[in-house]
Amino acid sequence: MNFKSILMTMALAWVAAPAMAQFAKPEDAIKYRKSSLFVMGQHFGRIGAMAQGRVPYDAKVAADNAAVVEVMSKLHWAAFIEGTDKGETRAKPEIWKDAAKFKEAADKLQAEASKLNAAAKTGNLDNLKTAFAATGGACKACHDNFRKD
Ligand code: ASC
């Protein structure tokens, strides 16, 4: 093989690599999903403070936080890879046993987070409250079914 074909082979192997290869080790996938869920929760909580009247409503702050929530809602899903059901995790075995239902719950969260972002952009507090409640419901549904307390 010449140098070019070696490079091509390496590039192909990289592109075709399974999702597992996105993480060097199982612990990294667990750390990644916990971190991204934590960051999402922090930004979601700032919206909640406004939706629940604990801090004054500021449309720009709400929109900035909702944009982060939408992005974060897409990340953790890919880190629930095989072999990451043990260790420092509260993930229930149902995530892998009932993968279709878990995927549905993940899709639901992403859909609600997108709606939350759209609602935040309207600058209307009632829209924000409605979308906050729906998104919180998606968080809770998944925790109830797929997370150990
Ligand atoms: C939050 C947060 C969650 C959800 C969940 C909704 O603010 O950090 O995990 O809402 O409590 O029931």
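In case you missed it, the structure is sitting above this.
The residue count restarts for each chain, going from 1 along the sequence in the order it is written. Per-residue local features are limited, in this predicted model, to residues with pLDDT of at least 70; the limit for side-chain atom pairs, both in listing and counting, is 80 or more; totals at the level of whole chains, interfaces and linings are taken over all residues. The basis for the side-chain values is all heavy atoms of the structure; hydrogens and waters are excluded.

Visitor: Just give me the short version of the packing of helix 2 (residues 26-51) against helix 6 (residues 125-146), but keep the residues and values in it.
Guide: Between N-to-C directions, angles cover 0 to 180 degrees, with each direction set by a line fitted to C-alpha atoms, over the stretch in contact for helices. Every helix listed is a DSSP run of H or I at least four residues long, and every strand listed is a run of E at least two residues long, numbered separately from the N terminus. Interhelical geometry of helix 2 versus helix 6 gives an angle of 130° and a closest axis separation of 10 Å. In terms of their interaxial angle, helix 2 and helix 6 are classed as oblique. Here the hand of the crossing between helix 2 and helix 6 comes out left-handed. Contact residues: Phe44, Ile47, Gly48, Met50 and Ala51 in helix 2; Leu125, Leu128, Lys129, Phe132, Thr135, Gly136 and Cys139 in helix 6. For this scheme, ten residues count as nonpolar: Ala, Val, Leu, Ile, Met, Phe, Trp, Tyr, Cys and Pro. Four count as charged, namely Asp, Glu, Lys and Arg, and the remainder, Gly too, count as polar. Class assignment of the residues belonging to the contact of helix 2 with helix 6 gives a composition of eight nonpolar, three polar and one charged. For classification purposes, an angle smaller than 35 degrees is called roughly parallel, one larger than 145 roughly antiparallel, one from 65 to 115 roughly perpendicular, and anything else oblique. Crossings are assigned a handedness: left-handed for a near helix turned anticlockwise from the far helix by less than a right angle, right-handed for a clockwise turn. Residue contacts follow a heavy-atom distance rule, with two residues in contact if any of their heavy atoms lie within 4.5 Å.

Visitor: Explain helix 2 to me, using residue names and the numbers behind them.
Guide: With 26 residues, helix 2 should cover 38 Å at 1.5 Å per step; its first-to-last C-alpha distance of 37 Å lies within 8% of that length. Remark: exposure states derive from per-residue accessible area (1.4 Å probe, protein chains only) relative to the maximum for the residue type, with buried under 20%, exposed over 50%, and partly exposed in between. When helix 2 is considered as a whole, its buried residues turn out to be Ala29, Ile30, Arg33, Ser36, Met40, His43, Phe44, Ile47, Gly48, Ala49, Met50 and Ala51. Taken together, the buried residues of helix 2 touch helix 3 (59-72), helix 4 (94-97), helix 5 (99-121) and helix 6. Note on helix 2: the residue one or two positions beyond its end, Gly53, has a positive phi of about 75°. Take the number of residues in a helix, subtract one, and multiply by 1.5 Å to get its expected span.

Visitor: Explain the side chain of Thr84 to me, using residue names and the numbers behind them.
Guide: With respect to the helices, strands and loops of the structure, Thr84 is situated in the loop between helix 3 and helix 4. With residues near it in sequence (within four places) discarded, Thr84 still touches Pro26, Ala29, Ile30, Arg33, Ala79, Thr89 and Trp96.

Visitor: Quick rundown of the pattern of salt bridges? Include the residues and the values.
Guide: Just to be clear on terms, a salt bridge is a Lys or Arg side-chain nitrogen sitting within 4 Å of an Asp or Glu carboxyl oxygen. Using the criterion set out here, one finds eight salt bridges in the structure. In this structure, Asp85 and Lys86 form a salt bridge, with 3.0 Å as the shortest nitrogen-oxygen distance. Overall, the relative accessible area of 35% leaves Asp85 in the partly exposed class. Across the pair Lys103 and Asp107 runs a salt bridge, and its minimum N-O distance is 2.9 Å. Here the residue Lys103 and the residue Asp107 both occupy positions in helix 5, the gap between them amounting to four residues, near one helical turn. According to the relative accessible area criterion, Lys103 is partly exposed, its value standing at 33%. Sharing partners across several salt bridges, the network here consists of Lys108, Glu112 and Lys115.

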